[in-house]
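# Secondary and tertiary structure notes
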Amino acid sequence: MIDKLILFPYWLTLKCRHAFYNIGLFKSHKASVPTICVGNITVGGTGKTPHTEMIIRMLLESEEWGDKNIAVLSRGYKRRSKGFQQVTVDGTAEDFGDEPLQIKRKFPNITVAVDKSRKQGCEFLSDPQLLQTSKKARRCINKDFPKADIIVLDDAFQHRAIKPDFSVVLVDYNRPTFKDYLLPIGRLRDLPERIGAADIIIVTKCPTYIDDQQREKWASNLGIKQYDPATGTGTRKKGKKQHILFTSIAYDTAKPIFPEGDPRYLYAKRLILFSGIANDTPFRNYLCGNYKIVKHFNFPDHHKFTRADMHSIRDAADNYPTSVIMTTEKDCQRVRDCRFIPGGMKQKMFHAPIKVEFLTDGDRNIFSSLLCERLKQS
């Protein structure tokens, strides 16, 4: 009863907000070019950035979009810059946020931008000439980029001022929405029933194999009935068709964070782990398969590493001189901003690139076909 009283004000606020959008009191706008939204209803940890990167790869590999101008729009969480900004490869996480910078460095030939207002960001990306005349673009430093033919919206499911042509909502296998609560008691930042508005639900961070019975149980718990694992399709209340698919995390060979990195450290037996992400358990479990973790530093999500943090990691490295130091790909973007890391420490600092994979080729084909079909209709 106390829990319900605590959650009621936030629940009521969300309920009214969505009702106002649904009845048209608050306006939703469609961009002038096709848009794909990747989001969740949970505070961090579902894998939005690697799924955004997966979609970018699919677009680049497709006959329809491979030669088009692809753009990614993100908020740029915890960046110090203001307004609309184009992300550059030589920028910093402080300028643009760690996740947009990670995407830009992986895909340097596409446009990556940040803007708190997704509606305004889409307008600038689809018509760059507006940057020359709009007062809202006065703070934009890099205004030279091609007109976007398609925009991928990273973490925009809550931003109902923009109406995407195709929406994907992510649910963490290890922390499903139907076992969670709204903030501040749980980690849900939106109403659980909002996932019904998505075109596709992807259950992320799954084991490498899930049988049909488990898939059907997941669909049922997420409000989807008559689920067919072969097509990934089921039916919600009022007859809406919805797809639910499943992905798992995979890690590529670790890479040095700095040019001084010595790959011989990767053959060490011991490892020092530090991270500043919402949930580093899958990463830690992966590393345990090859190393003995002798020290683990777990910082808050999007943590800005300080001189004291690096001194603590250096002290651990001094205690275990033959160990390798490992962090996540997202943290790597912020570590590169640190100007107080000793050269000897840089030699043993690495990160493991992350990617997501569908559990089956069937799931991947379903997603790819549905994505292309919806974009053709937009």
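Look a little higher up for the structure.
A brief look at the structure comes next. No experiment lies behind these values; they were computed from the predicted model shown.

### Things to note about the overall build of the protein chain
- From N to C terminus, the protein chain includes 12 helices and 16 strands.
- Over its C-alpha atoms the protein chain spans a radius of gyration of 21 Å, differing by no more than 12% from the 21 Å that the globule rule assigns to 378 residues.
- The principal-axis extent of the C-alpha atoms belonging to the protein chain is close to 60 × 55 × 50 Å.
- For the protein chain, the proportion of its 378 residues judged to be buried stands at 52%.
- Sequence-distant contacts in the protein chain: of pairs separated by 6 or more residues, those separated by 24 or more amount to 74%.

### Some details on the side chain of S275
- Topologically, S275 is positioned in strand β12 (residues 270-275).
- A polar side-chain atom of S275 sits 2.7 Å from a polar atom in the side chain of D280.
- Not counting residues up to four positions away in its chain, the partners in contact with S275 are D280, H296, F297, N298, F299, T327, T328 and D331.

### Points about the packing of helix α2 (residues 48-61) against helix α12 (residues 361-377)
- One can describe the packing of α2 onto α12 by two numbers: an axis separation of 11 Å at closest approach and a directional angle of 70 degrees. On the basis of their axis angle, the class for α2 and α12 is roughly perpendicular. Remark: the crossing between α2 and α12 carries right-handed chirality. Two secondary-structure elements touch here, α2 through M54, I55, M58, L59 and E61 and α12 through R364, F367, S368, L371 and L375.
- When its residues are assigned to classes, the contact of α2 with α12 shows 7 nonpolar, 1 polar and 2 charged.

### Some points on the pattern of salt bridges
- Here the structure, examined in full by the defined rule, presents 23 salt bridges.
- The salt bridge involving D315 is made with R314; its shortest N-O contact spans 3.6 Å.
- Accessibility expressed as a relative area gives 30% for R314, which makes it partly exposed.
- Each of R80, E94, D95 and K304 takes part in one network of salt bridges that share partners.

### Thoughts on the nonpolar core
- Counting 42 residues, the largest nonpolar core has F84, L125, I151, L153, I244 and F246 as the members making the most contacts within it.
- Contributing elements (two or more residues each) for this core: α1 (2-22), β2 (70-74), α5 (118-126), β5 (150-154), β6 (166-172), β7 (200-204), α7 (212-221) and β10 (241-251).
- The residues touching I151, leaving out its near neighbours within four places in the chain, are V33, P34, T35, I36, A71, L73, C122 and L125.

### Notes on α7
- The set of residues buried in α7 consists of R215, W218 and A219. All buried residues of α7 lie within an arc of 100 degrees about the axis, which places them on one face of the element. Of the residues in α7, the exposed ones pointing more than 90 degrees away from the buried face are Q213 and K217.
- Turning to α7, the residues buried within the fold contact β6, β7, β8 (225-228), β10 and α12.
- Of the residues that open α7, the one with a side-chain oxygen 3.2 Å from the backbone nitrogen of Q213 is D211.
- Of the residues one or two after α7, G223 is the one with positive phi, at around 85 degrees.

### A few points about the packing of aromatic side chains
- Applying the stated rule across the entire model yields 14 aromatic pairs.
- Geometrically, the ring pair formed by F178 and W218 is edge-to-face, given 5.5 Å between the ring centres and 65 degrees between the ring planes. Placement of the pair is F178 in the loop between β6 and β7 and W218 in helix α7, with a sequence separation of 40 residues.
- Residue classification places W218 among the buried positions, given a relative accessible area of 10%.
- On the basis of an interplanar angle of 85 degrees and a centroid distance of 5.5 Å, the ring pair of F299 and F305 is categorised as edge-to-face.
- For F299, a relative accessible area of 15% gives the class buried.

### Quick notes on a positive patch on the surface
- Among the surface-exposed residues, R75, K82, K116, K135, R138 and R139 lie close enough to one another that they form a single positively charged patch.
- Along the polypeptide, R139 turns up in the loop between α6 (130-133) and β5.

### Section: unusual backbone geometry
- At the junction of L183 and P184, the peptide bond is cis and its omega measures out at 5 degrees in the coordinates.
- Within the secondary structure, P184 sits in the loop between β6 and β7.
- Despite not being glycine, K78 has its phi angle at roughly 65 degrees, a positive value.
- Its place among the elements puts K78 in the loop between β2 and β3 (85-86).
- Residue K78 is classed as exposed on the basis of its relative accessible area of 54%.
- Despite not being glycine, K238 has its phi angle at roughly 70 degrees, a positive value.
- Inspection of the secondary structure assignment puts K238 in the loop between β9 (233-235) and β10.
- Look at K238 and you get exposed, because its relative accessible area is 89%.

Rules behind the numbers
Residues numbered from 1 in each chain as written. Predicted model: local features only at pLDDT ≥ 70, side-chain atom pairs only at ≥ 80, totals over all residues. Heavy atoms only, no water. Helix = DSSP H or I, 4+ residues; strand = E, 2+ residues; numbered from the N terminus. Rg over C-alpha atoms; globule rule 2.2 N^0.38 Å. Buried < 20%, exposed > 50% of the residue type's maximum accessible area, 1.4 Å probe, protein only. Contact = heavy atoms within 4.5 Å. Polar contact = N/O pair within 3.5 Å; in protein donor to acceptor, adjacent residues only side chain to side chain. Axes fitted to C-alpha atoms, helices over the stretch in contact; angles between N-to-C directions. Parallel < 35°, antiparallel > 145°, perpendicular 65-115°, else oblique. Left-handed = near helix turned anticlockwise from the far one by under 90°. Nonpolar A, V, L, I, M, F, W, Y, C, P; charged D, E, K, R; others polar. Salt bridge = Lys/Arg side-chain N within 4 Å of Asp/Glu carboxyl O. Core = buried A, V, L, I, M, F, W, Y, C linked by side-chain atoms within 4.5 Å. Arc of directions from axis to C-beta. Phe/Tyr/Trp six-rings, centres within 6.5 Å; stacked < 30°, edge-to-face > 60°. Patch = residues over 30% accessible without salt bridge, like charges linked within 9 Å, V, L, I, M, F, W, Y side chains within 5 Å. Areas by Shrake-Rupley, 256 points an atom, 1.4 Å probe, with all protein chains shown as cover. Lys, Arg positive; Asp, Glu negative; His and termini not counted. Charge placed at Lys NZ, Arg CZ, Asp CG, Glu CD.

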